[in-house]
Amino acid sequence: EDEVVKVDKSKWKGIAVYVDHVEGDIHPVTFELIGKARELADKVNHPVYCLFMGHDIGHRAEELLHYGVDEVFVYDNEMLKDFRIEPYTAVFEDFVNRVKPSVILVGATTIGRSLAPRVAARFKTGLTADCTVLDIKENTDLVQIRPAFGGNIMAQIVTPNNRPQMATVRYKVMTAPERKAEASGRIIHCSIEENRLKSNINVLSVTKKQKEHGISEAEIIVAAGRGIKSEKDMAMIYELADVLGAEVACTRPLIEAGWLDSKRQIGLSGRTVRPKLIITCGISGAVQFTAGMNNSEYIIAINKDEKAPIFKVAHYGIVGDIYEIIPGLIENIKRVKEA
Amino acid sequence: MEILVCIKQVPGTTKVEVDPVTGVLKRDGVDSKMNPYDLYAIETALRIREQRGGRVSVITMGPPQASVVIKEAYMMGVDDGILLSDRRFAGSDVLATSYTLSQGIKKVSNPDLIICGKQTTDGDTAQVGPEIAEYLGIPHVANVRKILEIKDSSIVVEMDMPETVEIAEIKYPCLITVEKDIFQPRLPSFKKKLETRDREVKMFTLQDFEDRDEKSYGLNGSPTKVERIFPPEVNNDRRMLKGNPEELRNKITVKLKELRFI
Ligand SMILES: Cc1cc2nc3c(=O)[nH]c(=O)nc-3n(C[C@H](O)[C@H](O)[C@@H](O)COP(=O)(O)OP(=O)(O)OC[C@H]3O[C@@H](n4cnc5c(N)ncnc54)[C@H](O)[C@@H]3O)c2cc1C
Ligand SMILES: Cc1cc2nc3c(=O)[nH]c(=O)nc-3n(C[C@H](O)[C@H](O)[C@H](O)COP(=O)(O)OP(=O)(O)OC[C@H]3O[C@@H](n4cnc5c(N)ncnc54)[C@H](O)[C@@H]3O)c2cc1C
């Protein structure tokens, strides 16, 4: 161990964000990461970079300049049209060698979770998954906090002797900055030899899924748990959601019962949500559930058991029976709206 | 066709606790099991073998006791099992784990297809599969939710992307990570248990690898360092209300108005 070669950290500068997108539609986690990158970069006086690769994306890069990025590196090539791992990794490698960023943040999307580890292994560096808190030390070491063991514990992880330092972050964990009217920073067009973009993967078809009203994007959510006694009682949950303009979500047992589509499950093995308001109805608040919603801006919990763990995360805890509260609450809301 | 499945032994429960004094995970007394997501990977391999013939092997890196999960795989119908075990592998992060597995894979076989689970229930990173593929220099596809066709020199799979469903053909050798529910995993069979009771588990240590440099493995080969482990925090800024239903629903209504949701 005594002969470990120390990395020269001063040679690695900048906080880079991978621009996650599908056919040029930038995934909102990208803006959240840019916000975080700016904050980290300002602490150590580094620039913020974006890496944007794909086909026919040039005109989309402009948008990134409204969020406080210094330089956007654009690789636009027909062979990058679909996400395929070998060419995408090759471009990432090219970018890292060219820019030498100290930190790389990648959204923990389907693409990000596949691409980031590949790049980390290529540079033989560390990658911390699903970070919920990121900070940076004066010596540019990234402090990464993440849940593990199904959210039962948190680990603080550093990558003290390797660069670049890499982390993935789930959507809706960080806060996106306001879009500025003025653009700033610049776009740099890059190219790469085509022979490095070869792939043994052939994408045969890409079918758009039906646009559904998802819970990931929802501003208001009404979430149901096992306090709901039977499937027909879901009607009152749907009605409450309706009067509030909310989406309906639930805990895993209701998915297992087949009452809702699995896309509506909140939690560790479901989706992470971060609405402005969530009302949980008859949900105990197991960590596997709260891990997916405890970043919500305002949490109202209704549960008849005052010892239920959901009250530890709720801002407004209502100890009571959902069957006695919700129908009257729906009437109240209707009256307020009519007034 | 040669198929290799990567499996990991994980704690039987995720309800682990942190010792408040030492800040270390209390792992003693917790029993172990096969990472539940790996059962789907094994099932996928067995289904492909049923269709195309060939062999299914499993590989795991872990302490000697991890041979238990290999025995379990035998009971499901797996042909061969490889255990990579060495004290010098201890403390591996994703990079060191993937490197060790890739060294082990190079040592023993030349699989056409490698299958990994989606993630584990302990470390929970979902990163090991792609990193193994990188070390082996083969393509990978994650989030496979259906196998559409198994050809002589390629496999056609369906992937679940956030807004799209993608169908792709990947040439062998390649690695896929499979979604939960791709197939319902079969239960270990008692008959197979008897049949495979004496089947050996091949074991390899660092000495057997092409790269015998200790610095590539375990804690030394791990760029990430866990500085501290702690329980998740609870939100103390909260109010609890009790009362009769009418009072309660009126208070919620007032709150919703105050927050401008209605
Ligand atoms: C609290 C905590 C947090 C951690 N966070 C990180 C982190 O952010 N970054 C990091 O680099 N390391 C981290 N580690 C270490 C890392 O989890 C493991 O040490 C690593 O060996 C395996 O990663 P995983 O469990 O996440 O596997 P995953 O990547 O989730 O596993 C995916 C698949 O890979 C295969 N696989 C995984 N491990 C093995 C194995 N040992 N043998 C055979 N096949 C296997 C299986 O098919 C599995 O389904 C953390 C560990 C702890 C305890
Ligand atoms: C690896 C793993 C992953 C998991 N992932 C997830 C996940 O992603 N999402 C998820 O939700 N779960 C997940 N779980 C399951 C989780 O541990 C809990 O079992 C689950 O969240 C409990 O759901 P619940 O709150 O609806 O039910 P319960 O725990 O049964 O709680 C029901 C609650 O309703 C209250 N109640 C009953 N009747 C009424 C009434 N009339 N009025 C008011 N209150 C009432 C009760 O007091 C109780 O607190 C996971 C588990 C594991 C092991």
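Source: prediction; values computed, not measured. (Residues numbered from 1 in each chain as written. Chains lettered and ligands numbered in written order. Predicted model: local features only at pLDDT ≥ 70, side-chain atom pairs only at ≥ 80, totals over all residues. Heavy atoms only, no water.)

1. Here's the deal with the pattern of salt bridges
Scanning the model with the defined rule gives 43 salt bridges over all chains in all. The partner of B:D160 in a salt bridge is B:R145, with the nearest N and O atoms 3.6 Å apart. Placement of the pair is B:D160 in strand 10 (residues 154-160) and B:R145 in strand 9 (residues 140-150), with a sequence separation of 15 residues. Taking relative accessible area as the criterion, B:R145 reaches 32% and is therefore assigned partly exposed. Linking B:E258 and B:K255 is a salt bridge whose minimum nitrogen-to-oxygen distance equals 3.2 Å. With B:E258 and B:K255 both in helix 6 (residues 245-258), this residue pair falls 3 residues apart, about one helical turn. Where salt bridges share partners, they join A:E93, A:R118, A:R122 and B:E134 into one cluster. (Salt bridge = Lys/Arg side-chain N within 4 Å of Asp/Glu carboxyl O. Helix = DSSP H or I, 4+ residues; strand = E, 2+ residues; numbered from the N terminus. Buried < 20%, exposed > 50% of the residue type's maximum accessible area, 1.4 Å probe, protein only.)

2. Some words on the sheet that holds strand 11 (residues 165-169) of chain A
Residues and elements named next belong to chain A. Taken together, the 7 strands give an open sheet; going across it, the order is 7-11-6-1-4-5-12, and neighbouring strands pair in parallel fashion. Two strands bound the open sheet, and with one partner strand each, they are strand 7 (127-128) and strand 12 (186-190). Of the strand pairs in this sheet, strand 7 and strand 11 are connected by 2 bridges, and their pairing is parallel. Pairing of T128 across the sheet is with A167, part of strand 11. (Pairing = 2+ DSSP bridges.)

3. What about the sheet that holds strand 10 of chain B?
The strand order 13(A)-11(B)-10(B)-9(B)-12(B)-8(B)-1(B)-6(B)-7(B)-13(B) describes an open sheet built from 10 strands, whose pairing is mixed. Because the sheet does not close on itself, it has two edges, and the strands there are strand 13 (201-208) of chain A together with strand 13 (202-204) of chain B. Averaged over neighbouring strand pairs, the angle between their axes works out to 30° when direction is ignored. Bridge count between strand 10 of chain B and strand 11 (residues 164-171) of chain B: 7 bridges; the pairing is antiparallel. Paired with B:E158 across the strands is B:I167, a residue of strand 11 of chain B. (Axes fitted to C-alpha atoms, helices over the stretch in contact; angles between N-to-C directions.)

4. A word on the environment of B:R197
If you trace the backbone, B:R197 turns up in the loop between helix 5 (190-195) and strand 13. Sequence separation of B:R197 and B:Y74 is 123 residues, and the distance between their C-alpha atoms is 8.9 Å.

5. Details of the nonpolar core
Counting 70 residues, the largest nonpolar core has A:Y75, A:F92, A:F95, B:I42, B:I115 and B:I155 as its most contacted members. A total of 8 residues in this core trace back to one element, the largest contributor, which is helix 3 (residues 85-99) of chain A. Counting residues in hydrophobic clusters, the runner-up holds 37 residues, among them A:L260, A:I279, A:L329 and B:F261. (Core = buried A, V, L, I, M, F, W, Y, C linked by side-chain atoms within 4.5 Å.)

6. Some points on the site of ligand 1
Among the 34 residues in the neighbourhood of ligand 1, the closest are listed as A:R146, B:K8, B:D38, B:T97 and B:T125. Chains contributing residues near ligand 1 are chains A and B. Within the side chain of B:K8, an N or O atom sits 2.6 Å from an oxygen atom of ligand 1. Here ligand 1 has 940 Å² of accessible area as a free molecule, and 94% of this is covered by the chains. Listing elements by their share of the shell around ligand 1, those giving two or more residues are strand 7, strand 9 (142-148) and strand 10 (153-158) of chain A together with strand 6 (55-61) and helix 3 (94-108) of chain B. Here the shell around ligand 1 is composed, by residue class, of 16 nonpolar, 12 polar and 6 charged. (Near = heavy atom within 4 Å. Polar contact = N/O pair within 3.5 Å; in protein donor to acceptor, adjacent residues only side chain to side chain. Areas by Shrake-Rupley, 256 points an atom, 1.4 Å probe, with all protein chains shown as cover. Nonpolar A, V, L, I, M, F, W, Y, C, P; charged D, E, K, R; others polar.)

7. Notes on the domain arrangement of chain A
Residue and element names in this part refer to chain A. You can read the domains of chain A as domain 1 (9-197) and domain 2 (220-338). Taking only C-alpha atoms into account, the centre of domain 1 sits 34 Å from that of domain 2. Every contact between the two is made by 9 residues of domain 1 and, on the other side, 6 residues of domain 2. Summed over both partners, the interface of domain 1 with domain 2 buries about 730 Å², with 41% contributed by carbon and sulfur atoms. (Domains from an automatic or database assignment. Contact = heavy atoms within 4.5 Å. Buried area = accessible area lost by both parts, 1.4 Å probe.)

8. With respect to the site of ligand 2
All names here are of chain A. By nearness alone, 26 residues border ligand 2, and T251, Q265, I266, S269 and S284 come closest of all. One of the backbone nitrogen or oxygen atoms of G270 is found 3.3 Å away from an oxygen atom of ligand 2. Take K304: an N or O atom from its main chain is 3.1 Å from a nitrogen atom of ligand 2. In isolation ligand 2 exposes 990 Å². Once the protein is present, 80% of that is buried. Counting residues per element, the ones that place at least two in the shell around ligand 2 are helix 6 (252-256), helix 7 (287-290) and helix 9 (322-338). Class assignment for the residues of the shell around ligand 2 results in 8 nonpolar, 12 polar and 6 charged.

9. Here's the deal with the packing of aromatic side chains
Applying the stated criterion to the full structure yields 11 aromatic pairs over all chains. Centre to centre, the rings of A:F92 and A:F95 are 6.4 Å apart; their planes meet at 75°, and the pair counts as edge-to-face. In this pair, A:F92 and A:F95 are both assigned in helix 3, 3 residues apart and thus about one turn of the helix distant. One aromatic cluster is present, built from ring pairs that chain together A:Y18, A:Y49, A:F73, A:F92 and A:F95. Across from the ring centre of A:W12, 5.0 Å away, lies the NZ or CZ of A:K100, which sits over that ring. When the ring centre of A:Y316 is taken as reference, the NZ or CZ atom of B:K255 above it lies at 5.2 Å. (Phe/Tyr/Trp six-rings, centres within 6.5 Å; stacked < 30°, edge-to-face > 60°. Lys NZ or Arg CZ within 6 Å of the ring centre and 35° of its normal.)

10. A closer look at the state of the cysteines
Scanning the model with the defined rule gives 0 disulfides over all chains in all. Cysteine A:C250 remains unbridged, with the sulfur of A:C281 as its closest cysteine sulfur at 12 Å. Taking relative accessible area as the criterion, A:C250 reaches 0% and is therefore assigned buried. Here B:C116 is not disulfide-linked; the sulfur of B:C6 is the nearest cysteine sulfur, at 3.7 Å. Judged by relative accessible area, which is 4%, B:C116 ranks as buried. (Disulfide = S-S within 2.5 Å.)

11. Notes on the environment of B:A90
Residues and elements named next belong to chain B. On the secondary structure map, A90 appears in the loop between strand 7 (80-84) and helix 3. In the structure, A90 is positioned 129 residues away from L219 in sequence and 6.6 Å away in space, judged by C-alpha atoms. Not counting the four nearest positions on each side in its chain, A90 is found in contact with G218 and L219.

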